[in-house]
Amino acid sequence: MQNDTIAAVATANGIGSIAIIRLSGDDALTIAKKLSKKDNFKNRYATLCNIYNANDELIDESIVIYFQGPHSFTAEDVVEIQCHGGYIVAQSILKAALQAGARLADAGEFSKRAFFNGRIDLSEAEAIAQLIEAKSEDAAKILASQMKGSLKEFIEEVRDAIIHILAYSEVTIDYAEEDLPSDLVEQIQEKLNKLYNLLQRTLMASESRAGLMQGFRVAIVGKPNVGKSSLLNALLNYNRAIVSDIAGTTRDTIEEQVKIGTHLIRIVDTAGIREADDEIERIGIERSLEAIEQSDIVIALFDGS
Ligand SMILES: Nc1nc2c(ncn2[C@@H]2O[C@H](COP(=O)(O)OP(=O)(O)OP(=O)(O)O)[C@@H](O)[C@H]2O)c(=O)[nH]1
Ligand SMILES: [Mg+2]
């Protein structure tokens, strides 16, 4: 059933000042009324409510906002319950909402409904999904503009250009006998070339942005004892990896995230590369070589002493 009412915790798991439980569908308001024992919700107004579970026990004091469809994210009736942050409270309210008739939303189901109800197109839905996971401020800026329709506009422009070219081509076929401009085929060729170059440039720009979007992966590699783990620890500002003057200390790859400037970087410390007799160390060295293959940037360290 398309219009059953879905519910989910919209905020990340963990401790925070608030958490949000979101409901969307025909029964969203009815469920909110049941949980709060209030029935005076005004469209787009924040209402302070006590929220109760199915046994009539108080779960939390929360702010409830009702967005009447179609003027909501999904274009359906939507209710957002802003409760105090923390895993237990949000999960208890979600459970109460499910007991009151909602169904647990699938991953991405709110955006899916927004898409099927014509609130957003696919490029915008994709931008929302990626914006949440943006790994740099620059990526977030690009995705925010995509969410507001910049990619959609670009695709529409390309589509219009293709339709234009198609119309020119059909004229040359349908009215071949007529007195058409002699350079019509050249005109079509020129338009096609322009479009081809534009798409090629866009594709290249999109590929060069991949690191920006997904976060750059940086591997620190070198011989044993050159200070790879020391560099990782210095970048992270805490002693994540064991450092010692014994060559071959790091056996396995160690991956961590670190924010450098406006970028979130995945940084990988690796086992020092040498001819190793030890089987475990050999496997570690193979992983170092794999890390080189999989990284966008490789920092090769050498002992300068
Ligand atoms: N003098 C000096 N010693 C350093 C420097 N960086 C690291 N060391 C020392 O060099 C030794 C090896 O450092 P690690 O960071 O464990 O070296 P690694 O490259 O991770 O070594 P493996 O894990 O065995 O491959 C330790 O005793 C460090 O204290 C540096 O810049 N100068
Ligand atoms: Mg090391």
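Residues numbered from 1 in each chain as written. Chains lettered and ligands numbered in written order. Predicted model: local features only at pLDDT ≥ 70, side-chain atom pairs only at ≥ 80, totals over all residues. Heavy atoms only, no water.

The name given to the protein chain in an unreviewed UniProt entry is tRNA uridine-5-carboxymethylaminomethyl(34) synthesis GTPase MnmE, with the source organism recorded as Sulfurimonas autotrophica. A UniProt comment under Sequence similarities (unreviewed entry) is attached to the protein chain, and it reads "Belongs to the TRAFAC class TrmE-Era-EngA-EngB-Septin-like GTPase superfamily. TrmE GTPase family." (UniProt positions renumbered as here; feature names shortened; annotations may be inferred.)

A. Layout of the site of ligand 1. In the vicinity of ligand 1 there are 16 residues, among which K228, S230, G248, T249 and T250 approach most closely. In this structure, an oxygen atom belonging to ligand 1 sits 2.7 Å away from a side-chain N or O atom of K228. (Near = heavy atom within 4 Å. Polar contact = N/O pair within 3.5 Å; in protein donor to acceptor, adjacent residues only side chain to side chain.)

B. Up close: the pattern of salt bridges. All chains considered together, the criterion is met by 14 salt bridges. Put simply, R251 and D278 hold a salt bridge, and the shortest N to O gap is 3.6 Å. One end of the pair, R251, is in the loop between α9 (228–236) and β8 (254–260); the other, D278, is in the loop between β9 (263–269) and α10 (279–294), with 27 residues separating them in the sequence. For R287, the salt bridge goes to D252, with nearest N and O atoms at 2.9 Å. Of the two residues, R287 is situated in helix α10 and D252 in the loop between α9 and β8; the sequence distance between them amounts to 35 residues. A single salt-bridge network, built from bridges that share partners, covers D4, E76, R103, E109 and R113. (Salt bridge = Lys/Arg side-chain N within 4 Å of Asp/Glu carboxyl O. Helix = DSSP H or I, 4+ residues; strand = E, 2+ residues; numbered from the N terminus.)

C. Molecular detail of the packing of aromatic side chains. Scanning all chains against the criterion turns up 1 aromatic pair. The ring of Y52 carries the charged tip of K37 above its face, separated from the ring centre by 4.1 Å. When the ring centre of Y168 is taken as reference, the NZ or CZ atom of K191 above it lies at 5.0 Å. (Phe/Tyr/Trp six-rings, centres within 6.5 Å; stacked < 30°, edge-to-face > 60°. Lys NZ or Arg CZ within 6 Å of the ring centre and 35° of its normal.)

D. Expanded view of the coordination of the magnesium ion (ligand 2). Donor atoms from the polypeptide that coordinate the magnesium ion (ligand 2) comprise S229 (OG) and T250 (OG1), at 2.0 Å from the metal. Placement of the pair is S229 in helix α9 and T250 in the loop between α9 and β8, with a sequence separation of 21 residues. Residue T250 is classed as buried on the basis of its relative accessible area of 12%. (Donors = N, O, S within 2.8 Å, 3.2 Å for Na, K, Ca; no water. Buried < 20%, exposed > 50% of the residue type's maximum accessible area, 1.4 Å probe, protein only.)

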